[in-house]
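Listed below, chain by chain, are the residues.
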Amino acid sequence: MNEQHKYRSTDKMSDLICDNYSLLMVMSRFGLSLGFGDKSVKDVCEAQGVDCPTFLAVANFISEEQYSYRGNESDFSIPALMDYLKRAHTYFLDFNLPAIRRKLIEAIDCSSTNDVAYLILKFFDEYAKEVRRHMEYENQAVFTYVEQLLQGRLSDEYDIATFASKHNQIDTKLKELKNIIIKYYPEKGNNNLLNAVLFDIFNCEQDLATHCQVEDYMFVPAVAHIERKLKNEP
Ligand SMILES: [Fe+2]
Ligand SMILES: [Fe+2]
C-alpha cells in the first residue's frame, strides 16, 4: 500500500481499532487476536502469520470512501482475501444470524395469537436461508474456480464476470425485516430487547453490505486481472 492510504503498516494496531471499531471484525476474520499491546500493524500480522498487505488493503477499503483496483498484484493476496471472505461467511452463518434469531425470539411475543411475531420469525428464517445459499455458492463454486485459476487453469464454462453479474445484494431482505418490526410490531411497555435486536440487525445489514463491496470492488477485479493475464489479454 502506498502513502495515500489512511492506514499504514507502521501504525499501531490499537490506533486502527480505536479509529474505526468495525476493524475488530476484520481482525478476527483474518485470524488476528487481541492482546497485541503497542505493536504496529506489520508486527502484529507477522507475529500471527497474517498477510499484512491484504489486511491493510481490506482495512483501508472499509475505512476509505472510495476504492478502485489498480491492477497491482502486490496490493493484496487473492488467497488471503478468499480466506478472509470464507471466515466472514462462517461468522454470518454460524454466529451472527443465529445470535440475532435467538434475540428475536426473546424479544417478540411468539405465542400463537401474535401474527406479526410469527411473520417476523418466518421472514427472518427465509432471509437466513437466502444468505446461506449465497455464501455456500461462493464457498463452493466461486472459490473453487478461483483456486484453479491461481494454478493457471482457466475454465470454458465459467468466469468471474458471470459471478459478478449475478452477485445480488443480500441486504435488501434484511431492510424489509427491519421495516416490518419498526412499522408493525405492536408496541409493548418496554422495548429494550426489541431495540437491541434492531441495533444488531442494522449492524448486520451494514456488515453484509461492506462484505459484498469487498467482493465486488476488490475480489472480482483482482480475479479478472488474473483471467486476462492467463488469456494474454492486455
Ligand atoms: Fe460473500
Ligand atoms: Fe457475496
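Please read all numbers here as calculations on a predicted model, not as lab measurements.

> Explain the overall build of the protein chain residue by residue, including any values.
Counting its regular elements, the protein chain contains nine helices and zero strands. Mapped from its N terminus to its C terminus, the protein chain presents α and β elements in the order α-α-α-α-α-α-α-α-α. The C-alpha extent of the protein chain, read off along each of the three principal axes, is 65 × 50 × 25 Å. Going through the 234 residues of the protein chain one by one, you find that 44% of them count as buried. Within the protein chain, counting contacts between residues at least 6 apart in sequence, those at least 24 apart form 75% of the total. Per element, the accessible surface of the protein chain, about 12700 Å² overall, is 50% carbon and sulfur. In the protein chain, the 26 positive side-chain charges and the 36 negative ones have mean positions that sit 2 Å from each other.

> Provide a residue-level description of the packing of helix α4 (residues 52-63) against helix α5 (residues 78-107), including the pertinent values.
At a closest axis distance of 9 Å, the pairing of α4 and α5 adopts a crossing angle of 60 degrees. With respect to their mutual orientation, α4 and α5 come out oblique. As for the relative orientation of α4 and α5, their crossing is right-handed in sense. Facing T54, V58 and I62 of α4, the residues of α5 in contact are A80, L81 and Y84. Class assignment for the residues of the contact of α4 with α5 results in five nonpolar, one polar and no charged.

> Quick one: what's the story with the coordination of the iron ion (ligand 2), residue by residue and with numbers?
Protein ligation of the iron ion (ligand 2) involves H134 (NE2), E138 (OE), H167 (NE2) and E215 (OE), the donor distances falling in the range 2.0 to 2.2 Å. Taken together, the four donor atoms surrounding the iron ion (ligand 2) define angles of 85 to 174 degrees at the centre, an arrangement classified as irregular. Of note, the iron ion (ligand 2) draws all its donor residues from one chain, in the sequence arrangement H-x3-E-x28-H-x47-E.

> Break down the domain arrangement of the protein chain for me, citing the residues and quoting the values.
Its domain assignment divides the protein chain into domain 1 (13-63) and domain 2 (78-232). One C-alpha centre belongs to domain 1, the other to domain 2; they are set 23 Å apart. Between domain 1 and domain 2, roughly 1100 Å² of surface is buried when both sides are summed, and carbon and sulfur atoms account for 73% of that area. A per-residue breakdown of the area domain 1 buries against domain 2 is headed by R29, V58 and F61, which together make up 59% of the total. Our count for the contact surface shared by domain 1 and domain 2 stands at one salt bridge. Taken together, domain 1 and domain 2 are joined by two residue pairs in polar contact (both at pLDDT 80 or more). Elements that contribute at least two residues to the side of domain 1 that touches domain 2 include exactly α2 (23-29) and α4. A total of five residues in the side of domain 1 that touches domain 2 trace back to one element, the largest contributor, which is α4. Of the residues that constitute the side of domain 1 that touches domain 2, the class distribution is seven nonpolar, three polar and two charged.

> If you had to explain helix α8 (residues 172-184) to someone new, which residues and values would you point to?
If you check α8, its first and last C-alpha atoms are 18 Å apart, about what 13 residues at 1.5 Å a residue would give, namely 18 Å. If you check which residues of α8 are buried, you get L174, L177, K178, I180 and I181. Each buried residue of α8 sits inside an arc of 155 degrees when the element is viewed along its axis, so together they form one side. Those residues of α8 that are exposed and angled more than 90 degrees off the buried face are K183 and Y184. Considering only its buried residues, α8 is in contact with α5, α6 (115-150) and α9 (192-230).

Reading guide: rules and limits
Residues numbered from 1 in each chain as written. Chains lettered and ligands numbered in written order. Predicted model: local features only at pLDDT ≥ 70, side-chain atom pairs only at ≥ 80, totals over all residues. Heavy atoms only, no water. Helix = DSSP H or I, 4+ residues; strand = E, 2+ residues; numbered from the N terminus. Buried < 20%, exposed > 50% of the residue type's maximum accessible area, 1.4 Å probe, protein only. Contact = heavy atoms within 4.5 Å. Areas by Shrake-Rupley, 256 points an atom, 1.4 Å probe, with all protein chains shown as cover. Lys, Arg positive; Asp, Glu negative; His and termini not counted. Charge placed at Lys NZ, Arg CZ, Asp CG, Glu CD. Axes fitted to C-alpha atoms, helices over the stretch in contact; angles between N-to-C directions. Parallel < 35°, antiparallel > 145°, perpendicular 65-115°, else oblique. Left-handed = near helix turned anticlockwise from the far one by under 90°. Nonpolar A, V, L, I, M, F, W, Y, C, P; charged D, E, K, R; others polar. Donors = N, O, S within 2.8 Å, 3.2 Å for Na, K, Ca; no water. Tetrahedral: all angles 85-135°; square planar, octahedral: opposite > 155°, others 65-115°. Domains from an automatic or database assignment. Buried area = accessible area lost by both parts, 1.4 Å probe. Salt bridge = Lys/Arg side-chain N within 4 Å of Asp/Glu carboxyl O. Polar contact = N/O pair within 3.5 Å; in protein donor to acceptor, adjacent residues only side chain to side chain. Expected span 1.5 Å × (residues − 1). Arc of directions from axis to C-beta.

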